[in-house]
Amino acid sequence: MRTLKYIFAIAVVLGFLGYVCFDIFFPNGFGGDDEENSATTKKTALNIGAPNNISSLPIWVAEEDSIFDSLKVDISVREFTDQLDCDMAFAEGKINLSISDPKRAEWLATQKKQNFTELRKFPMPYAMVACHKARIANITQLKDKMLAVTRHSSYSAAAFACLDSVKMKHDSVYIVQINNPVVATHMLHNAELDATFLPEPFVSLAKTMGHNALYKNYAQALLIAKNDIKADDKKRFNQAIDEAVKRIRKNGIKHYSELIARRCKCSQQFDNELKVRF
């Protein structure tokens, strides 16, 4: 009987330790964006990938304001914290609409042999932001520093262009790949990165934290669609986006600060700094 009690006590302790370890290392479970979204996505005519940056705002407004529902758009919105995951979901046919960096869209066409139609463009302001603790005031001071970018993106193209502009060798900077702006912002603030490329609203958030922008660009993200989407579905979708953009222009970007912070999974501290026009 005493032996059974010992075995039971050990089993309880091991079970508790296992639970604690799982909770520490996998606070959100084993699944990432793809698994989480696949569990909640309905089988619909349209499935759109929306990265967590300001370019996705019209999609969020159309969903939250029930514009899609009122126009009977048969759609599900899948959120991504990683642009590469979003692009791969499009390439693999898991989504048939996507908001993509123009360089990433070019990569989809050339490297993944994807045929798609460009429906419209959305604002995609971004910047290279330096950690205030690194005391970097210009591009030349990036030598032997760590810079985070996304592969085959406008960020990586801009990074190399910036280095070329000051005649620095590309390998003089330690370039690492970080695709999630939430992670990149956190690492920047903790001085785990010397600099990183960020989209809005993370640029504005980083600035309110005291970090400085070394380079800024106001690019345009592409909303792309698979060519086999039915014309009627595409028409209703475009009408919904037109209405969402109209509301954003009428209400102003600040009106949607809470929505942006919630969808981007970041602090709303960017509130007074963020200025983007749709």
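Bear in mind the structure is a predicted one, so any value in this text is a computation, not a measurement. (Residues numbered from 1 in each chain as written. Predicted model: local features only at pLDDT ≥ 70, side-chain atom pairs only at ≥ 80, totals over all residues. Heavy atoms only, no water.)

Another aspect to go through is empty space enclosed by the protein. Across all of its chains, the model carries one cavity of 30 Å³ or more by this definition. Volume-wise, the largest cavity comes out at about 250 Å³. If you list the elements that add at least two residues to the lining of the largest cavity, you get β3 (97-100), α8 (181-189) and β7 (195-199). Examining the composition of the lining of the largest cavity, we find that three residues originate from one element, β7, more than from any other. Here the lining of the largest cavity is built from residues that sort into twelve nonpolar, ten polar and three charged. (1 Å grid on protein atoms, 1.4 Å probe; cavity = no way out; pocket = protein on both sides within 12 Å on 5 of 7 lines; lining within 4 Å. Points joined across faces, edges and corners; volume = space filled by probe spheres on them. Helix = DSSP H or I, 4+ residues; strand = E, 2+ residues; numbered from the N terminus. Nonpolar A, V, L, I, M, F, W, Y, C, P; charged D, E, K, R; others polar.)

With that settled, consider the sheet that holds strand β2 (residues 75-80). Strand pairing in a sheet is mediated by backbone hydrogen bonds. Such pairs are either parallel or antiparallel. In space, the eight strands of this open sheet follow the order β2-β1-β3-β8-β4-β7-β5-β6, with mixed pairing throughout. This sheet does not close on itself; its edge strands, each paired only once, are β2 and β6 (174-177). Along the sheet, successive strands turn relative to each other by an average axial angle of 25 degrees, direction set aside. Sheet contacts for α8: β4 (116-130) and β7; angle to β7, the most-contacted strand, approximately 140 degrees. (Pairing = 2+ DSSP bridges. Axes fitted to C-alpha atoms, helices over the stretch in contact; angles between N-to-C directions. Contact = heavy atoms within 4.5 Å.)

What follows concerns the side chain of Ser204. One can find Ser204 in helix α9 (residues 202-208). Among all residues touching Ser204, those that are not within four sequence positions of it are Phe270, Glu273 and Leu274.

The next point concerns the packing of aromatic side chains. By the definition in use, this model includes eight aromatic pairs. Ring centres 5.7 Å apart and planes at 15 degrees place the aromatic pair Tyr155 and Phe197 in the stacked group. Of this pair, Tyr155 sits in helix α7 (residues 154-165) while Phe197 sits in strand β7; the two residues are 42 residues apart in sequence, bridging distant segments of the chain. By relative accessible area, which is 4% here, Phe197 ends up buried. These aromatic residues form a ring-pair network of at least three members: Tyr126, Tyr155, Phe197 and Tyr215. Sitting above the plane of the Trp107 ring, Arg104 keeps its charged end 4.2 Å from the centroid. Against the face of Phe90 rests Lys226, its NZ or CZ located 4.4 Å from the ring centre. (Phe/Tyr/Trp six-rings, centres within 6.5 Å; stacked < 30°, edge-to-face > 60°. Buried < 20%, exposed > 50% of the residue type's maximum accessible area, 1.4 Å probe, protein only. Lys NZ or Arg CZ within 6 Å of the ring centre and 35° of its normal.)

To continue, consider the pairing of β7. Counted residue by residue, β7 has five buried out of five residues, so it is predominantly covered. What you see with β7 is no split at all: Ala195, Phe197 and Pro199 on one side and Thr196 and Leu198 on the other are buried throughout. As paired strands, β4 and β7 are joined by five bridges and run antiparallel to one another. Pairing of Met128 across the sheet is with Phe197, part of β7. Pairing analysis gives two bridges linking strand β5 (residues 146-149) to β7, with the strands arranged parallel. Counterpart to Ala148 in the pairing with β7 is Thr196.

This brings us to the packing of helix α5 (residues 83-91) against helix α6 (residues 102-110). Relative to each other, α5 and α6 sit at 35 degrees, their axes nearing to 11 Å. You can see that α5 and α6 cross each other, and the crossing is right-handed. Facing α5, whose interface residues are Gln83, Leu84, Asp87, Met88, Phe90 and Ala91, α6 presents Arg104, Trp107 and Leu108. Here the contact of α5 with α6 is built from residues that sort into six nonpolar, one polar and two charged. (Left-handed = near helix turned anticlockwise from the far one by under 90°.)

Across all of its chains, the model carries 15 salt bridges by this definition. Across the pair Glu64 and Arg263 runs a salt bridge, and its minimum N-O distance is 3.0 Å. Linking Glu64 in helix α3 (residues 57-64) with Arg263 in helix α11 (residues 257-264), this pair joins segments that are 199 residues apart in sequence. Put simply, Lys265 and Glu79 hold a salt bridge, and the shortest N to O gap is 3.6 Å. Residue Lys265 is found in the segment after α11, and its partner Glu79 is found in strand β2; the two are separated by 186 residues along the sequence. Overall, Glu79 belongs to the partly exposed group, its relative accessible area being 23%. Connected via shared salt-bridge partners are Glu63, Glu64, Glu79, Glu258, Arg262, Arg263 and Lys265. (Salt bridge = Lys/Arg side-chain N within 4 Å of Asp/Glu carboxyl O.)

If you trace the backbone, Leu222 turns up in strand β8 (residues 212-226). Residue contacts for Leu222: discarding those within four places in its chain leaves Ser98, Ile99, Ser100, Pro102, Ala105, Glu118, Arg120 and Lys121.

It is worth spelling out α5 at this point. In terms of burial, α5 is a largely internal element, seven of the nine residues being buried. The N-cap of α5, judged by a side-chain oxygen 2.7 Å from the amide nitrogen of Leu84 a few residues on, is Asp82. Count one or two residues on from α5 and you reach Gly93, which has phi positive near 80 degrees. (Polar contact = N/O pair within 3.5 Å; in protein donor to acceptor, adjacent residues only side chain to side chain.)

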